[in-house]
Structure formats: structure tokens, C-alpha cells
Amino acid sequence: MTSYSAWPPARTLRLAASLSLLAQLFACSDGSSPASPSEPIEDGTYFVRDGDGRAVILRGMNIMSSAKGHPERLPDLQAEDVERYARLWGFNVVRYLIFWDAVEPSPGEYDDAYFDKTEERLDWFADNGVHVILDMHQDVYAARFCCDGAPEWAIEDDDLPFDQNPVWSLNYFAPAVMAAFDNFFEYPGEHSDLQDHFADAWAAVAERFKDHPAVLGYDILNEPSPGSVYDARDITVTLPDGAAADFDRTLFTDFYRRMIASIRAVDEDGWIFYEPRVAAPANGQPSFILELEDPREGEPRLVYAPHLYSVQFEFNQAYDPSSDVTLANWEANRNVETSLQNAPLLLGEWGFDPNWPNAELFMRELLDMGDRMMLGWTYWSYDPGGWGIWERDEQGQFVERENADQLVRPYPQRVAGVPRSFSYNPDTRRFSLAFDPSPSATLPTEVYVPASRHYPDGWSLRGCEEASGCSWTWDANLDILQVLTPNQTARVELTITPGG
Ligand code: IDC
């Protein structure tokens, strides 16, 4: 990662308490009407940038849920999956799940065998030009409580009861789970050693992987819960003067500051991703984390990485565009928070079952929003079937599902300047990108154009005229359009339309 600028040259890159409780929750939700969406982000600093200063738009998936239940916490993944991921779908990033219980199985002892096996997988991503965000995953604190995350020794649940709820996410309300989070976040507190261990575990991970060519950075903790202040209403709505908001501003912000410091002590260069608390923010509600600062020298490398899950869509297992305000709320609140945080955005998780009524419409609206906000995203998840874009046939072989054609679409992977807007219309297959070229750029702007998938009769490019000093090349193997705009200062507006 320190050698991020040594990344292979562009042209070699190949890349649910019971249901009734949930029903009550809707009664709690006033759906709080969205603030008017703010302007798209225009400040050039709100992008992850590569070693050449190009803005990088990150698109990919979470790999993978299967690791949670695996005895060694490894994903059901082979090298060939990674090659297909990059080549067939044009993804350039992965949010790769790692787990505290695998990293630090006993206090202060890190599992080198786990690191070695993780590295083997990271190599596959490097071989295919895919950036990796190491996501310290947890769901419901730990494996003991249904799901995944902390090691056994790091569970301080005050011996409170735990009765497993069949809906995994409702186990956050179990007294034992709430106590475990309270004890983890209270700092200084009786169990401060838990956070100290977690900070040290992150330092160990960063120390081990900071120089790995695939590793872009670290996602501090998946969907952290505020513990006992987490109220059923917090699933859908966040009140600015409520206990959850207070948690954001105090214990939660402090926690992030501590973790950032710990990672920075060993790695000055990796990008650090941080998420809002679990549930309501993903449902479009605000987060109240205070502004975080990056102690590194130079430009900050912090990325705000919220999730997006419409509780209404998931509960009804159908999308109702006339009443579901999740997307609009999400866009409005994230725009506010992004300017407060002065950080780029990455939508770290979103997903749903493609068979739910109106799933296609929801995906279209979300993808359009993602382009409008120029954000990176990682879909949940790469696992076959379910919400995924592929499945295994009876012989166990890979088969793409129909929703792949929707998820895979043109996007600018690297922009040699300040991206101003981009969009793709799946009906007309028209893609457009506007950016202000950087006069010092030597490497090209790169656009992923899934040619055989979306342009079987070819495509044409407009807006790159020789007379203005623009030139372009097409890499048919990688489906990458490279556009060079040396010495150009005027805004570049590229358009791709079907037909040769
Ligand atoms: C889900 C998996 C599911 C598993 C559950 C608990 O899809 O098979 O039983 O976790 O481990 C999240 C979490 C993510 C969830 C995902 C989908 O970060 O781990 O995966 N989700 O429910 N937050 C909101 C949704």
C-alpha cells in the first residue's frame, strides 16, 4: 500500500423479534421527508485518488458471506472467481470480510496461518487489478450470538440472557448482546482492554498487509451497534436528540479516533473506511458522527462508508416506489454528512433478492443515484444464489443470473482530473462522463465499457476530438476505454452510444 503508486500500469490492469415487531417499527417510522437533495459533490478532494492523482470510482462486491461460517473464516472463493469478477463484470474493488475471532483467537496472539491464507487470496486480487478493502466484519457482536465477529474471550455480556431470535438482526436487542456492545464501547471503562485489543489487532492487520499491492485500506468495523441504547425505533428512524445520536457524537466518534490513530501508527498511507451505526442510517436516516481527522501528513485518506438497506423494501419483500423514501433520504443525508466529514463516500453494502417485486426498479434507481453522487459501491454479496448475480448449476458450475446485466454497466474507473458528472441510461445505453482534466495528468482516464454485454453492435465515442488534443485507445480484452487529454484545460464531455 505504501507502494500504491506502484500499482500496475493502467493498461496491464485486468479487473428481521418477530415480524410483528417489525410491523410495529413501521408504525414508528414517519419516513421523515427528505431534505432537498443537495448538489452533487463538486469538490475534487472528495474522491479516492490513485498514486497518479486520478480519481478512482470503486465498484464491486462483498466477498463473502460464506466466510462467516467457515471454520477458518475463509470465503468459498478460488482464483478463477476473482479473474471472472474483474473480467466478466469489470469490478475494480472488493470489500473483503475478515473477522476479529480469526485475527486474534487468544488475547494478544495473532494467527499467522490466517494471515497467510488471507494473503494468498489477496494475491488473486492483485493479479487481477482489484483493490481490496479489508472489512473487519461483525454481525450481532460474535459467533456465540448467532453470527460473527469478536473472539469468545472478548465477549463481556455481564452474564445476561440470550435467547436466539430466528431473524438474525433482531438478536441485537438481546440483553447479552447489548451488554457486550456496551462493554466494548465504554471507554475508559471496566473493559477498556477490549478496545485496546481491537486497536492492536487492527495495527497487526495493517502491519501485515500495508505493503500488499492489492490492499487499498481498512473498514474499521461493520455496522457497529450502540448497545443498550439501541431501541427498536432506531431501526428506522434516528432522532437528532436521541440516545443513538448521542452515542454517535461521543463513544462512537471517540472509538473511531482511537482506531484511526492505531492504524496510522503503522500505516500512513492506507485508506481508512468508517461506517455509521447499524440500521437507521442504512435506511436513509442521519448519522451524527463528528468530523474525523486523519493524522497522516498530506491529504486525508478517510472514506465515509455507509450501507443502504430499505427496511420497508426488505420487510415487505417488495419495493413500493410511491411510499418508500429510503433512497431520497439516503442521498440527502449522505450529502450533508459528506460535506461535514470532508470525505469521499463508498456505499459499502447494498443488496436484495432480485425476485422481490420491483427489485429491478429499486436497483435502477439506486444505480442512478450512485452515478449522480459519483460514489463507489460494493454489492452484498458475491455469494451464489440468494441476492447474488450468479448461481451454481446442478453440476456446480458458474451460471450468471439475469440481474448481472443490470448491475454490470459502464462506469469511469479512473478520471485524470475532477469528475463532474457521469450517468448511464440502460434503455438507450447512452453513457456520459464530464470532467475537468488535470493539466499535469500523464495517465489516461479509464472507462469500463462492457462491450459485448451492452453494445453487441459496437459503440461510438463522442467528445474526444483530435483537434483539441484528445486521443483514445480501446482495450478489447479488458473492456477499457482509455482517454488521454494532455494539455487540455477545458471540460471534457464524453458520450458513448450504441452502434459502430
Ligand atoms: C447476512 C447474510 C446472511 C447471514 C447474516 C448473519 O446474508 O446469510 O445469516 O448476514 O450473519 C448486513 C450485514 C451482513 C448481512 C447483510 C444481509 O452487514 O453481514 O449478511 N446485511 O442481511 N447488514 C444489513 C444487511
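Residues numbered from 1 in each chain as written. Predicted model: local features only at pLDDT ≥ 70, side-chain atom pairs only at ≥ 80, totals over all residues. Heavy atoms only, no water.

A. Local environment of the domain arrangement of the chain. Domain boundaries in the chain define domain 1 (4-408) and domain 2 (410-500). Between domain 1 and domain 2, the C-alpha centre-to-centre distance is 30 Å. Listed as interface residues are 33 residues of domain 1 and, on the opposing side, 28 residues of domain 2. Buried area between domain 1 and domain 2, summed over both chains or domains, comes out near 2,600 Å², and the portion from carbon and sulfur atoms is 48%. Considering only the side of domain 1, the residues that lose the most area to domain 2 are Arg54, Arg364 and Asp371, jointly responsible for 22% of the buried surface there. For the interface between domain 1 and domain 2, the tally reads 5 salt bridges. A salt bridge links Arg414 to Asp50; the nearest nitrogen and oxygen atoms lie 2.8 Å apart. Our count for the domain 1 to domain 2 interface comes out at 17 residue pairs in polar contact (both at pLDDT 80 or more). Among the secondary structure elements, those contributing two or more residues to the side of domain 1 that touches domain 2 are strand E2 (55-56), helix H11 (359-372) and helix H12 (404-407). Sort the elements by how many residues they give to the side of domain 1 that touches domain 2 and H11 lands first, with 4 residues. (Domains from an automatic or database assignment. Contact = heavy atoms within 4.5 Å. Buried area = accessible area lost by both parts, 1.4 Å probe. Salt bridge = Lys/Arg side-chain N within 4 Å of Asp/Glu carboxyl O. Polar contact = N/O pair within 3.5 Å; in protein donor to acceptor, adjacent residues only side chain to side chain. Helix = DSSP H or I, 4+ residues; strand = E, 2+ residues; numbered from the N terminus.)

B. Examining the sheet that holds strand E18 (residues 445-448) more closely. Strand order in this open sheet of 6 strands is E1-E2-E15-E18-E21-E20, and the pairing throughout is antiparallel. The open sheet has two free edges, formed respectively by strand E1 (48-49) and strand E20 (471-475), since each of these has just one partner strand. Where strand E15 (residues 411-415) lies against E18, 3 bridges are found, and the strand directions are antiparallel. Note on E18: the bridge partner recorded for Arg414 is Glu446. (Pairing = 2+ DSSP bridges.)

C. How the structure looks around the site of the ligand. Residues in close proximity to the ligand total 13 residues, the closest being Lys68, His137, Asp139, Glu223 and Glu349. In this structure, Trp380 approaches the ligand through a side-chain N or O atom, which is 3.2 Å from an oxygen atom. Here the residues of the shell around the ligand sort into 5 nonpolar, 3 polar and 5 charged. (Near = heavy atom within 4 Å. Nonpolar A, V, L, I, M, F, W, Y, C, P; charged D, E, K, R; others polar.)

D. Local environment of the state of the cysteines. Per the counting criterion, the structure on display carries 2 disulfides. With its sulfur 2.2 Å from that of its partner, Cys146 forms a disulfide with Cys147. Around the S-S axis, the bridge from Cys146 to Cys147 shows a dihedral of about -90° and counts as left-handed. Judged by its relative accessible area of 15%, Cys147 is buried. The side chain of Cys464 participates in a disulfide bridge whose partner is Cys470; the two sulfur atoms lie 2.0 Å from each other. Across the S-S bond of Cys464 and Cys470 the torsion is about -100°, and the bridge reads as left-handed. When the bonded cysteines of the chain are counted from the start of the sequence, the pairing works out to 1-2, 3-4. (Disulfide = S-S within 2.5 Å. Buried < 20%, exposed > 50% of the residue type's maximum accessible area, 1.4 Å probe, protein only.)

E. Expanded view of helix H6 (residues 175-185). In terms of residue burial, H6 counts as a mostly covered element, since 9 of its 11 residues are buried. Among the structural elements, helix H4 (100-103), helix H7 (192-209) and helix H8 (243-266) are those in contact with the buried residues of H6.

F. Examining the nonpolar core more closely. Residues Leu134, Tyr141, Ile220 and Trp350 are the most contacted members of the largest nonpolar core, which totals 137 residues. A total of 8 residues in this core trace back to one element, the largest contributor, which is H7. Split by domain, the residues of this core number at least three in each of domain 1 (4-408) and domain 2 (410-500). Those residues within four positions of Trp350 in sequence are excluded, and the remaining contacts are Leu308, Tyr309, Met363, Leu366, Leu367, Trp377, Thr378, Tyr379, Trp380 and Leu407. Core analysis: the second largest hydrophobic core is formed by 11 residues, Val93, Val303, Ala305 and Leu346 among them. (Core = buried A, V, L, I, M, F, W, Y, C linked by side-chain atoms within 4.5 Å.)

G. Spotlight on the packing of aromatic side chains. Enumeration according to the criterion identifies 49 aromatic pairs in this entry. Aromatic pair Trp350 and Phe352: ring centres 6.1 Å apart, planes at 50°, arrangement tilted. Judged by relative accessible area, which is 0%, Trp350 ranks as buried. Arranged with centres 5.3 Å apart and planes meeting at 35°, the rings of Tyr382 and Trp390 form a pair that is tilted. According to the relative accessible area criterion, Tyr382 is buried, its value standing at 1%. With a relative accessible area of 1%, Trp390 lands in the buried category. (Phe/Tyr/Trp six-rings, centres within 6.5 Å; stacked < 30°, edge-to-face > 60°.)

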